[in-house]
Amino acid sequence: MVNDFNDYKIILASNSPRRKELLAGLGISFEVRVLQDIDESYPEGMAAVETAEYIAGKKAAAYRETIGRGELVITADTVVIVDDEVLGKPADAAEAREMLLKLSGRTHQVVTGVCLTTQEESVHFSVKTDVTFKQLTDDEISFYIQKYQPFDKAGAYGIQEWIGYIGCTGLNGSYYNVMGLPVQRIYTELQRFTRRRSPQDYRP
């Protein structure tokens, strides 16, 4: 079944090293293709849990005109949610500290929205994971920000980094989703693509 995926030219629409590592872990061949300046805004008043899937859909729409026959593009967006507030990527150390203080001693949600898109169809979904942090000290927050510079990460942290080692006390759902790509669900959806259509239909 895994080899069947190789009959599609799979495109990962992300430069994230974590997403590249996770998708490679599925044992499938893919290439990275990144378009610049995609609008990642979302409507004011949209439910926080819907934003990641909405943005992943906007990314997919931007790629749709570039998709060739036989290509399948994976777009994704990850957000951290606490008190119905979406925490994106911090602009600087001060904002990173503010975000980590909001997450300290509490449970928050990490939601990744994904779109799988071909010339013929698009499938989209969201995966949610609950993450609980211990009460973080000021010194721990300062050390993490200074050493790891988490400015490219939603919520100002990477679960696979030091802060996850010392701070995460509970996790309900997919660990890999928190890293930025729900690979188990993606694998399942790729299987559905394979079952719905003969790979011969996608070959040039």
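Above this text sits the structure in question.
Predicted, not measured: the structure shown is a model, and the values here were computed from it. Here the residue numbers are simple positions, counted from 1 along each chain's written sequence. A pLDDT threshold of at least 70 governs which residues receive local features in this predicted model, and a stricter bar of 80 or more applies before side-chain atom pairs are shown or counted, although totals over entire chains, interfaces and linings include all residues. The basis for the side-chain values is all heavy atoms of the structure; hydrogens and waters are excluded.

Let's hear about the overall build of the chain: which residues, and what values?
Along the chain, the regular secondary structure elements total seven helices and seven strands. All radius of gyration figures rest on C-alpha atoms, and the globule criterion is 2.2 Å times the number of residues raised to 0.38. Its C-alpha atoms give the chain a radius of gyration of 18 Å, near enough to 17 Å, the size a compact globule of 204 residues would have. Along the three orthogonal principal directions, the C-alpha set of the chain runs to about 55 × 35 × 25 Å. The buried label goes to any residue with under 20% of its type's maximum accessible area, the exposed label to any with over 50%, and the partly exposed label to all in between, with areas taken from a 1.4 Å probe on protein chains only. Across the 204 residues that make up the chain, the buried fraction comes to 46%. Contacts between residues were defined by any pair of non-hydrogen atoms, one from each residue, lying within 4.5 Å. Counting only contacts in the chain whose residues sit at least 6 apart along the sequence, the fraction spanning at least 24 positions is 68%. Under the convention used here, a 1.4 Å probe and the Shrake-Rupley method define accessible areas, while residue burial counts only the protein chains that appear. On the chain, roughly 9,900 Å² of surface is accessible, and the fraction owed to carbon and sulfur atoms is 46%. Helix and strand labels come from DSSP, where a helix needs a run of H or I of at least four residues and a strand needs a run of E of at least two; each type is numbered from the N terminus.

Please provide a residue-by-residue account of the pattern of salt bridges, values included.
Close approach of charged atoms lets side chains of opposite charge pair. Whenever Lys or Arg places a side-chain nitrogen within 4 Å of a carboxyl oxygen from Asp or Glu, that contact is recorded as a salt bridge. Under the counting rule described, the total for this entry stands at 16 salt bridges. In this structure, Glu 85 and Lys 102 form a salt bridge, with 2.9 Å as the shortest nitrogen-oxygen distance. Of this pair, Glu 85 sits in strand 4 (residues 85-87) while Lys 102 sits in helix 3 (residues 93-103); the two residues are 17 residues apart in sequence, bridging distant segments of the chain. The class for Glu 85 is partly exposed, based on a relative accessible area of 33%. Glu 140 is the salt-bridge partner of Lys 134, the closest N and O atoms lying 2.9 Å from each other. Residue classification places Glu 140 among the buried positions, given a relative accessible area of 18%. One salt-bridge network, held together by shared partners, links Lys 9, Glu 31, Arg 33 and Glu 71.

Talk me through the layout of surface pockets; I want residue IDs and the actual numbers.
Empty space among the atoms becomes apparent when a probe as large as a water molecule is rolled across them. Every definition here rests on a 1 Å grid over the protein atoms only: cavities are sets of points where a 1.4 Å probe fits but cannot get out, pockets are open sets enclosed by protein on both sides within 12 Å along at least five of seven lines, and lining residues have some atom within 4 Å of a point. Grid points are joined across faces, edges and corners, and a volume is the space filled by probe spheres set on the points. The volume enclosed by the largest pocket comes to roughly 740 Å³. Arg 19, Glu 40, Lys 59, Asp 77 and Lys 89 are the residues nearest the centre of the largest pocket, which is lined by 37 residues in total. When residues of the lining of the largest pocket are traced back to their parent elements, those giving at least two are helix 1 (17-24), helix 2 (48-64), strand 3 (71-82), strand 4 and helix 6 (175-179). With five residues, the single largest contributor to the lining of the largest pocket is strand 3. Think of it as three bins: nonpolar holds Ala, Val, Leu, Ile, Met, Phe, Trp, Tyr, Cys and Pro, charged holds Asp, Glu, Lys and Arg, and polar takes everything else, Gly as well. Grouping the amino acids of the lining of the largest pocket by side-chain chemistry returns 19 nonpolar, nine polar and nine charged.

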